[in-house]
Amino acid sequence: MSVQPEVITKQTILDTWKPLYNCLQIVFSGLDDEILKDIIQESMMDFITNHQDLEVIKNHFSYILKIAIRKTWKHLES
């Protein structure tokens, strides 16, 4: 069974903002809300600007979440 890549638009990316925020808030409870918002914004921008092959990504939400988690860990380490 083959999984088809999803159609990714700016709106589908923007629609993931609240679920991303909720996930990061659960995983990194106690982290400042503004920092989480900045990390999400940076993650979305990285996703949009650094991935020309958006049509091959099967799930943009999990991809952006992975970027955001890595950015959050880097923030906590510094």
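Residues numbered from 1 in each chain as written. Predicted model: local features only at pLDDT ≥ 70, side-chain atom pairs only at ≥ 80, totals over all residues. Heavy atoms only, no water.

Q: Report on helix H4 (residues 60–77), specifying residues and quantitative values.
A: With 18 residues, H4 should reach 26 Å at 1.5 Å per residue; the first-to-last C-alpha distance of 26 Å fits that figure. Of all the positions in H4, only His60, Ile64, Leu65, Ile67, Ala68 and Thr72 are classed as buried. Along H4, the residues classed as buried sweep out an arc of 160° about the axis, all on the same side. Away from its buried face, by an angle of more than 90 degrees, H4 presents the exposed residues Arg70, Lys74 and Glu77. Where H4 is buried, its residues contact helix H1 (10–14), helix H2 (17–27) and helix H3 (33–50). Put simply, Asn59 is the residue that caps the front of H4, since its side-chain oxygen is 3.0 Å from the backbone nitrogen of Phe61. (Helix = DSSP H or I, 4+ residues; strand = E, 2+ residues; numbered from the N terminus. Expected span 1.5 Å × (residues − 1). Buried < 20%, exposed > 50% of the residue type's maximum accessible area, 1.4 Å probe, protein only. Arc of directions from axis to C-beta. Contact = heavy atoms within 4.5 Å. Polar contact = N/O pair within 3.5 Å; in protein donor to acceptor, adjacent residues only side chain to side chain.)

Q: Tell me about the environment of Asn59, and please be specific about residues and values.
A: With respect to the element layout, Asn59 can be found in the loop between H3 and H4. You can call Asn59 partly exposed: its relative accessible area is 38%. C-alpha separation for the pair Asn59 and Val7, spaced 52 residues apart in sequence, amounts to 9.5 Å. Within the structure, Asn59 has its side chain in polar contact with the backbone nitrogen of Phe61 (distance 3.0 Å).

Q: So, the side chain of Thr16: which residues are in play, and what are the values?
A: As for its placement among the helices and strands, Thr16 is situated in the loop between H1 and H2. Under the relative-accessibility criterion, Thr16 is labelled buried at 7%. A distance of 2.5 Å separates a polar side-chain atom of Thr16 from the backbone oxygen of Ile13. The residues contacting Thr16, other than those within four sequence positions of it, are Met44, His60, Phe61 and Ile64.

Q: I'd like a description of the confidence of the model for the protein chain, backed by residues and values.
A: For the protein chain, per-residue confidence averages 86 on the pLDDT scale, and residues scoring 70 or more make up 86% of the total. Taken element by element, the protein chain is modelled with least confidence in H1, mean pLDDT 82, and with most confidence in H2, mean pLDDT 94. (pLDDT = per-residue confidence, 0-100.)

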